Amino acid sequence: MKTSSARIAGLGTTIFAEMSAEAVRTGSINLGQGFPDTDGPSAVVERAVDALRGGRNQYAPGSGVPELRRAIAAHQLRFYGLSVDPDTEVAVTTGATEAVAAALLGLIDEGDEVIVLEPYYDSYVAMLQMAGAVRRPVTLRAPDFRLPVEELRAAVSPRTTAVLLNSPHNPTGSVLTHEELEAIAEIAIEHDLVVISDEVYEHLTFDGVAHIPIATLPGMAERTLTISSGGKTFSFTGWKIGWATGPAELINALLGSKQFLTYTSGSPLQPAIAHALGSDDDFFASLRAQLQAQRDLLCDGLARIGLEVFVPAGTYFATTDIRPLGFEDGVDFCRMLPERVGVVAIPHQVFYDHVEVGRPLVRWAFCKRPEVLMEALDRLATLPPDL
Ligand code: PMP
Ligand code: GLN
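Please read all numbers here as calculations on a predicted model, not as lab measurements.

Take the environment of Thr172 next. Along the chain, the position of Thr172 falls in the loop between strand 5 (160-166) and helix 7 (178-190). Once the C-alpha coordinates of Thr172 and Val134 are considered, the two residues, 38 residues apart in sequence, prove to be 23 Å apart. Apart from the residues within four sequence positions on either side, Thr172 is in contact with Pro119, Leu140, Phe145, Pro312, Thr319 and His348. Of note is the side chain of Thr172, whose polar atom sits 2.8 Å from the side chain of His169. Engagement of the side chain of Thr172 in a polar contact is seen with the side chain of Ser174, the distance being 2.9 Å.

Another aspect to go through is the site of ligand 2. Near ligand 2, the surroundings consist of Phe16, Gln33, Gly34, Tyr121, Asn170, Tyr201, Lys232, Phe317 and Arg363. One of the side-chain N or O atoms of Tyr121 is found 3.0 Å from a nitrogen atom in ligand 2. Here Asn170 contributes a side-chain N or O atom positioned 2.9 Å from an oxygen atom of ligand 2. With the chains in place, 81% of the 290 Å² that ligand 2 exposes on its own is no longer accessible. A class-by-class count of the residues in the shell around ligand 2 yields four nonpolar, three polar and two charged.

Around ligand 1, a shell composed of 13 residues is seen, among which Thr97, Asp198, Tyr201, Ser229 and Lys232 lie nearest. Backbone polar atom of Ala96 to an oxygen atom of ligand 1: 2.8 Å apart, as the coordinates give it. A distance of 2.7 Å separates an oxygen atom of ligand 1 from a polar side-chain atom of Ser229. The element that contributes the greatest number of residues to the shell around ligand 1 is helix 4 (residues 95-107), accounting for three residues. Its residues assigned to classes, the shell around ligand 1 comprises five nonpolar, five polar and three charged.

This part is about helix 2 (residues 42-53). The first and last C-alpha atoms of helix 2 sit 16 Å apart over twelve residues, in line with the 16 Å expected at 1.5 Å per residue. Buried residues along helix 2 sit against helix 10 (269-277). Phi turns positive one or two residues past the end of helix 2, at Gly55, with a value near 85°.

Of all five residues in strand 13 (residues 361-365), five are buried; the element is thus mostly enclosed. Residues Leu361, Arg363 and Ala365 point to one face of strand 13 and Val362 and Trp364 to the other, with burial holding for every one of them. Here strand 12 (residues 346-347) pairs with strand 13 via two bridges, running antiparallel. Its bridge partner being in strand 13, Pro347 is matched across the sheet by Val362.

What follows deals with the sheet that holds strand 13. As a general point, the strands of a sheet are linked pairwise by backbone hydrogen bonds and lie either parallel or antiparallel. On the basis of which strands lie adjacent, the open sheet formed by four strands has the order 9-10-13-12 and antiparallel pairing. The sheet terminates laterally at strand 9 (308-310) and strand 12, the two strands that pair on one side only. Note that strand 9 and strand 10 (residues 317-321) share three bridges and pair antiparallel. Among the inter-strand pairings, Glu308 is bridged to a residue of strand 10, identified as Asp321.

A few words now on the nonpolar core. Counting 99 residues, the largest nonpolar core has Phe333, Leu337 and Trp364 as its most contacted members. The element contributing the most residues to this core is helix 4, with seven residues. Within the second largest apolar cluster, 23 residues are counted, among which are Val44, Leu68, Ile72 and Trp243.

Criteria and cut-off values
- Residues numbered from 1 in each chain as written.
- Chains lettered and ligands numbered in written order.
- Predicted model: local features only at pLDDT ≥ 70, side-chain atom pairs only at ≥ 80, totals over all residues.
- Heavy atoms only, no water.
- Helix = DSSP H or I, 4+ residues; strand = E, 2+ residues; numbered from the N terminus.
- Contact = heavy atoms within 4.5 Å.
- Polar contact = N/O pair within 3.5 Å; in protein donor to acceptor, adjacent residues only side chain to side chain.
- Near = heavy atom within 4 Å.
- Areas by Shrake-Rupley, 256 points an atom, 1.4 Å probe, with all protein chains shown as cover.
- Nonpolar A, V, L, I, M, F, W, Y, C, P; charged D, E, K, R; others polar.
- Expected span 1.5 Å × (residues − 1).
- Buried < 20%, exposed > 50% of the residue type's maximum accessible area, 1.4 Å probe, protein only.
- Pairing = 2+ DSSP bridges.
- Core = buried A, V, L, I, M, F, W, Y, C linked by side-chain atoms within 4.5 Å.

Below is the structure:
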């Protein structure tokens, strides 16, 4: 009996599932997988309840319920001045994960090369492999994880079809600057590349740093699929309502595969996310302020313990170098941590082709209540230095 395909060979179990299971098994504080430990707005939950009780329980249209598509278009206009047609330039997906998957399956042929920022989100690698693509990683390096523009330029070949971007960037927490985006845009236009831009952390930026969608740069709206999701912005990571916006032909390619992956995405949560997208400015500002305070709490604490901390400008995550504490290997460190001190973190190493670059780096999630972060820091302070 054949029990698996070559398409998934070597992909193993996602690190997030592995480390969350480890947290449960050991009763550890989970600073691994990025999910908040508080619910999103109750008014949004009430909208979902209304939809469930109000008969919104049959298949949604393939591209999503109209009010959510309209709300996504209104959001792009309100925050970025981007004008997208809710009927032809928006697709609702089962999380950003499905949007990335459907985009790659709908756009990429066997042997096409796709440039991806390294460290990369793990589902990108899996989906590139399943799509038969060749990945060309461009490495963001500590301490500031800036884009090496010349390396990006050198990574382009005649077989390059697309650039898969992520900003604000998981796991480094860096946010692409206008200059970096201009350089990417110039390369994409010169080589006629599609840009798939994962912006799920679009509202989670700190210290006044602004997230800039690459689609807002001249010449880019017509070649960019912008992807986001309600999970991070509204603290409902389990709802899995995501979306893509972009030119109709790219959205059609995405929907061409999505229709046979899930057909459509769950209906009753879509009106609730439509409502959430219309939240007032205070909602977005207080989300940012609260997360920034949690970031500072965690980063200050990790630095006090002796780790080298790279303070992030966005996302849920802070990266540290563990070598000042005498450790070398993030995977060994993260395997030891739950048993020894009762905290779970994520090793960067699994997000690299160039594993040596990521070996001493470890990612910590700060989307947790302050008292949970403080308890984790207390536990980490007991780390035996001689392990
Ligand atoms: N992209 C990135 C960069 C992420 O960190 C995540 C994690 N949630 C996702 C996509 C997946 O988003 P969703 O849960 O909406 O599928
Ligand atoms: N995006 C979150 C993280 O990076 C959750 C990932 C997941 O569960 N697939 O931790």
